[in-house]
Structures are given as structure tokens and as C-alpha cells.
Amino acid sequence: MTASPELGNARTASPDLLRSVFRQHAAGVAVITAAGDRPVGFTATSLNSVAAEPPLISFGVGTSSSSWPVLAEAEHVGVHILGEHQQELAATFARSGADRFGPSTDWRSGPEGVPLLDGVLAWLVCRVVARIPAGDHRIVIAQAVVGDPAGSGRPLVYHQGRFTALRD
């Protein structure tokens, strides 16, 4: 089904409209981590490559997120690309109040003290270069410092409000 040329189903912009439109947009799933008094992290579908030279990425984070106070001060962040086998990990890092770095999460301290998750498809440690206000979020821009793309498998995808896998 496609949108009607007459725009008969058009709705005025609202948070619900934005969510409904973006449920139609498939996005890769990442987990962003940072070190503070305790490690923090959250599931992100807003990860983007910004530039190759210098190597920059961006992601959005809500200022009401429990991770934001640490991310607001962090000099470095971890960026983890999840595989289709990591739906539970994605759900843990997306769930409010979850013990994200508890016994069910395999992780270690990586370069710059950033928490690195085990078993991911790829990871980067990045130096934060900007935090840009955007409504109730901040867009974080960070420069890759070190990483590993050598994980194997297929990526985890978020579509229609759920985690899923690519289909051939």
C-alpha cells in the first residue's frame, strides 16, 4: 500500500505521527556505553556515520535517560553493532531500570575505560566532540579512536516496534 496522491490520510505533525512514520523505517541496532561511577548504556537506533575524514559518528540520547548524566560528561563512548542473536541484550539495554551490566551481560573494560560488550558484530571507542541540543534529546557527535569490525553474523534490525532479523 502506498500513500494516496490526494494526501487523504495526512495528519498534523505530533509525537505519535513521528513514531508511526518511523515504525516504517528499519534501523540497525546499536548499544552505546560510557564509564562513570558505574557503567551506563542504552539501545540506540539513531546511530549514523557522519564523515569518513575524520571518522565521525552520531547518535541521539534523551536527556531524561538514566544514561544521560554520565554521557553528558563522558569524554569517550563505546558504540556496539548488535547481531541478530542479541535481541535479549538489545531489550535489556532498552528497558528502564534493568541491570544492564549485571551477570547476564558479558562485558569488559576497554580502551579509555569504556565498557565493551562481548559477542557484538563490531565496536568502536569514540571521543565525544559535540553534544547538540535537539528538543528533549542531545545529538552526540564522536570521533572514532579504535575499533574492531571482525564479529561474524547478521545485524539486528528494529522495525515495526520490535527487534527482528534481515530476511533474504
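Residues numbered from 1 in each chain as written. Predicted model: local features only at pLDDT ≥ 70, side-chain atom pairs only at ≥ 80, totals over all residues. Heavy atoms only, no water.

Remarks on the overall build of the chain
So, point 1. From N to C terminus, the chain includes 3 helices and 12 strands.
So, point 2. Taken over C-alpha atoms, the radius of gyration comes to 17 Å for the chain, in line with the 15 Å a tight globule of 168 residues would show.
So, point 3. Taken over the C-alpha atoms alone, the chain extends approximately 55 × 35 × 35 Å along its principal axes.
So, point 4. Within the span of the chain, comprising 168 residues, buried residues form 36% of the whole.
So, point 5. Counting only contacts in the chain whose residues sit at least 6 apart along the sequence, the fraction spanning at least 24 positions is 61%.
So, point 6. Total accessible area on the chain stands at roughly 9,900 Å², and carbon and sulfur atoms take up 53% of it.
So, point 7. Distance from the positive charge centre (13 side chains) to the negative charge centre (15 side chains) of the chain: 7 Å. (Helix = DSSP H or I, 4+ residues; strand = E, 2+ residues; numbered from the N terminus. Rg over C-alpha atoms; globule rule 2.2 N^0.38 Å. Buried < 20%, exposed > 50% of the residue type's maximum accessible area, 1.4 Å probe, protein only. Contact = heavy atoms within 4.5 Å. Areas by Shrake-Rupley, 256 points an atom, 1.4 Å probe, with all protein chains shown as cover. Lys, Arg positive; Asp, Glu negative; His and termini not counted. Charge placed at Lys NZ, Arg CZ, Asp CG, Glu CD.)

Some details on the sheet that holds strand β11 (residues 156-159)
So, point 1. Spatial strand order, β1-β11-β12: 3 strands in an open sheet with antiparallel pairing. Each end of this open sheet is capped by a strand with a single partner; those strands are β1 (27-28) and β12 (162-165).
So, point 2. With 4 bridges connecting them, β11 and β12 associate as antiparallel partners. Bridging from a neighbouring strand, V157 pairs with T164 of β12.
So, point 3. In the packing of helix α3 (residues 87-94) onto the sheet, the strands contacted are β11 and β12, and the crossing angle to β12 comes to about 160°. (Pairing = 2+ DSSP bridges. Axes fitted to C-alpha atoms, helices over the stretch in contact; angles between N-to-C directions.)

Let's talk about the sheet that holds strand β4 (residues 48-51)
So, point 1. A sheet is described by the order of its strands in space; here 7 strands give the open sequence β3-β2-β6-β9-β10-β5-β4, paired in antiparallel fashion. Each edge of the sheet is formed by a strand with only one pairing partner; in this case those strands are β3 (40-44) and β4. For this sheet, the mean angle separating the axes of adjacent strands, direction not counted, is 35°.
So, point 2. Across 5 bridges, strand β2 (residues 30-34) lies against β3 in antiparallel orientation. Bridge pairing in β3 links V31 to T43.
So, point 3. Those strands touched by α3 are β2 and β3, and its axis lies near 115° from that of β3.

A word on the pattern of salt bridges
So, point 1. Following the criterion strictly, the structure yields 3 salt bridges and no others.
So, point 2. Residue D16 pairs with R19 through a salt bridge whose shortest N-O separation is 3.0 Å. A residue pair is termed a helical-turn pair when its members lie 3 or 4 positions apart in one helix, as D16 and R19 do in helix α1 (residues 15-23) at 3 residues.
So, point 3. Relative accessible area serves as the criterion here: at 46%, R19 is assigned to the partly exposed category. (Salt bridge = Lys/Arg side-chain N within 4 Å of Asp/Glu carboxyl O.)

A look at α3
So, point 1. Of the positions making up α3, those classed as buried are L89, A90, T92 and F93. Projection of α3 onto a plane perpendicular to its axis shows the buried side chains occupying an angular sector of 160°, all on one side.
So, point 2. Of the surrounding elements, those touching the buried residues of α3 are β2, β3, β8 (115-117), β11 and β12. (Arc of directions from axis to C-beta.)

Considering the packing of aromatic side chains
So, point 1. Tallying each qualifying case throughout the model produces 4 aromatic pairs.
So, point 2. On the numbers, 6.0 Å between centres and 55° between planes, the contact of F42 with F59 is tilted. With a gap of 17 residues between them, F42 in strand β3 and F59 in strand β5 (residues 56-62) connect regions that are remote in the sequence. Side by side, F42 and F59 carry an identical accessibility label, which is buried.
So, point 3. Consider the rings of F101 and W107, whose centres lie 5.0 Å apart with planes at 75°: the pair is edge-to-face.
So, point 4. Of the aromatic side chains, those joined through ring pairs into one cluster are F93, F101 and W107. (Phe/Tyr/Trp six-rings, centres within 6.5 Å; stacked < 30°, edge-to-face > 60°.)

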